[in-house]
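If you want the building blocks of each chain, they are given just below.
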Amino acid sequence: MTYAYRAQGSGSPEAPARNWIKTLAAYRHPSTIRSLFELIVTLVPMLLLWGAAVWSTSVSYWLTLPISVIASGFLVRLFMIQHDCSHGAFFKSRRANDWTGRLIGVLTLTPYDLWKRSHLVHHGAQGNLDQRGVGDILTLTVDEYNARTFAGRLAYRLYRNPFVLFGAGPIFIFLLHHRLPVGFLRAGFKYWVSAMGTNIAIAILLIAGIVAVGWLPFLVTYLLITSLAAIIGVWLFYVQHQFEDTVWDTSDNWQLHEAALYGSSYYDLPPPLRWMTANIGIHHVHHLYSRIPFYRLPDVLRDHPRLAETGRMKLGESFKTTRLKLWDTFGRRLVTFEAARALRRNAAPRSVKP
């Protein structure tokens, strides 16, 4: 290993992260009643708020906006339930998980089977510099960035610009990118069925909504709610892995459990936001043991306080992460473009395997 263990596991003071696995396995079993309850208290309010948003367009679009913001929060929570389904963590039955995920995917604009494949790749390779590119946010090392042409560096800067990364990018991904099995075009017919089946169901929903309430009220609220939810979702995904002390390694040094625990943050949100985001902020525990239902993740932190101090980040602190753009392989941290320039200017010539 090229770095010291930074948290205590179940055992010695320098126990590796994998030592937590046996402990966390005790939390993996979902409750069908609890899962159904969580689904109902998420789906029903979202649909009611969506209806209220449509109604509000006849009163004032200034009223539509706050209603849509709240509705988008419930849509994010619904996506997190879909996320749990992809890990087989929401119901005991694999079939129940998959079909629940597929149906939710119509509302979240996410082909379930396609996204599940991509997301599991992310879990199996998160923090591995040699396996970037599927289900993650592109992150270059300082040396890779410096080796690019001017046009290449400019393209990366545009990609990492907050207005693109948290604005146009999420809207493009959920409204357009998910319409085709991009990245898995030759991976099998299953992923085409997932994408096209979801597209057809979305089209039926759009037609039904337009016929029922009119094209303008429906499309305004539909695009507003789904776009806001997409932006929130990408932000959550970003901040859970793009923080200064995250972990990246080449394959010869990379360790799955170390990357899971130390390469994922504990995004310590205020209670209302914690509930709305289905505890996804407890991301380090989720990556270490993804079969734990989201409603049992707080139990892990309650029973094992050491994990509550690992990778902890408050809401106010999280906004500073938007300045971090490049991985410094020598300092083992994410740095800003300015810090990267200083490294290039002050450091002696160095050679590193990207």
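Everything numeric here is computed off the predicted structure, so don't read it as measured data.

*Asks:* What should I look at first to understand the overall build of the protein in this one?
*Replies:* Scanning the protein from N- to C-terminus turns up 17 helices and five strands. The C-alpha atoms of the protein give a radius of gyration of 21 Å, which matches the 20 Å a tight globule of 354 residues would have. Dimensions of the protein, computed from C-alpha atoms along their principal axes, come out at roughly 65 × 50 × 40 Å. Counting across all 354 residues of the protein, residues that qualify as buried make up 49%. Within the protein, contacts between residues at least 6 apart in sequence are counted, and of these 69% link residues at least 24 apart. If you sum the accessible surface of the protein, you get close to 16900 Å²; carbon and sulfur atoms cover 66% of it.

*Asks:* Honestly, the sheet that holds strand 4 (residues 326-328) in this entry has me stumped. Any pointers?
*Replies:* Picture the strands of a sheet paired through backbone hydrogen bonds; they go either parallel or antiparallel. On the basis of which strands lie adjacent, the open sheet formed by three strands has the order 1-4-5 and mixed pairing. On the outer flanks of this sheet lie strand 1 (140-141) and strand 5 (333-335), each paired with one strand and no other. Where strand 1 and strand 4 come together, two bridges link them in parallel fashion. Looking at the pairing, Thr141 lines up with Trp327 of strand 4.

*Asks:* Sorry if this is basic, but what is going on with unusual backbone geometry here?
*Replies:* Excluding glycine, most residues fall at negative phi; most peptide bonds, likewise, are trans. Residue Ala278 is not a glycine yet carries a positive backbone phi of 55°. Checked against the element boundaries, Ala278 lands in the loop between helix 12 (271-276) and helix 13 (283-288). Classification of Ala278 by relative accessible area gives buried; the value is 3%. For Asn279, which is not glycine, the phi dihedral falls at a positive 60°. Of note, Asn279 is situated in the loop between helix 12 and helix 13. Exposure remark for Asn279: the relative accessible area of 11% places this residue in the buried category.

*Asks:* Can you help me understand the confidence of the model for the protein in this one?
*Replies:* The predicted coordinates should not be examined in detail at positions where pLDDT is low. Averaged over every residue, the pLDDT of the protein is 92; residues scoring 70 or more account for 94%. Long-range and interchain partners of residues 1-14, a stretch whose pLDDT sits below 50, account for 33 contacts in this model, where long-range means more than four residues apart.

*Asks:* Before we go on, may I ask you to explain the packing of aromatic side chains in this structure?
*Replies:* In this description, an aromatic ring pair is defined by two values, namely the gap between the centres and the angle between the planes. Using the criterion set out here, one finds 16 aromatic pairs in the structure. Centroid distance Phe90 to Phe294: 6.3 Å. Interplanar angle 10°. Geometry classified as stacked. One end of the pair, Phe90, is in the loop between helix 3 (61-86) and helix 4 (94-108); the other, Phe294, is in the loop between helix 13 and helix 14 (297-303), with 204 residues separating them in the sequence. Phe90 gets classed as buried once you look at its relative accessible area, which sits at 0%. Relative accessible area serves as the criterion here: at 3%, Phe294 is assigned to the buried category. Taking 5.2 Å as the distance between ring centres and 35° as the angle between the ring planes, the aromatic pair formed by Tyr145 and Phe337 counts as tilted. Within this pair, whereas Tyr145 is found in helix 6 (residues 142-147), its partner Phe337 is found in helix 17 (residues 337-346), the two being separated by 192 residues in sequence.

*Asks:* I tried to follow the pattern of salt bridges on my own but got confused; where do I start?
*Replies:* Side-chain pairs of opposite charge can arise where the charged atoms are in close proximity. A complete count under the given rule lists 16 salt bridges for this structure. Among the ionic pairs, Asp98 bridges to Arg94, the shortest N-O distance being 3.8 Å. With Asp98 and Arg94 both in helix 4, this residue pair falls four residues apart, about one helical turn. Assessed through its relative accessible area of 9%, Asp98 is described here as buried. A salt bridge links Asp299 to Arg302; its shortest N-O distance comes to 3.4 Å. Taken together, the residues span about one helical turn, with Asp299 and Arg302 both in helix 14 at a distance of three residues. The partly exposed category is assigned to Asp299, whose relative accessible area is 21%. In this structure Arg302 comes out as exposed when scored by relative accessible area, which is 57%.

Calculation notes
- Residues numbered from 1 in each chain as written.
- Predicted model: local features only at pLDDT ≥ 70, side-chain atom pairs only at ≥ 80, totals over all residues.
- Heavy atoms only, no water.
- Helix = DSSP H or I, 4+ residues; strand = E, 2+ residues; numbered from the N terminus.
- Rg over C-alpha atoms; globule rule 2.2 N^0.38 Å.
- Buried < 20%, exposed > 50% of the residue type's maximum accessible area, 1.4 Å probe, protein only.
- Contact = heavy atoms within 4.5 Å.
- Areas by Shrake-Rupley, 256 points an atom, 1.4 Å probe, with all protein chains shown as cover.
- Pairing = 2+ DSSP bridges.
- pLDDT = per-residue confidence, 0-100.
- Phe/Tyr/Trp six-rings, centres within 6.5 Å; stacked < 30°, edge-to-face > 60°.
- Salt bridge = Lys/Arg side-chain N within 4 Å of Asp/Glu carboxyl O.

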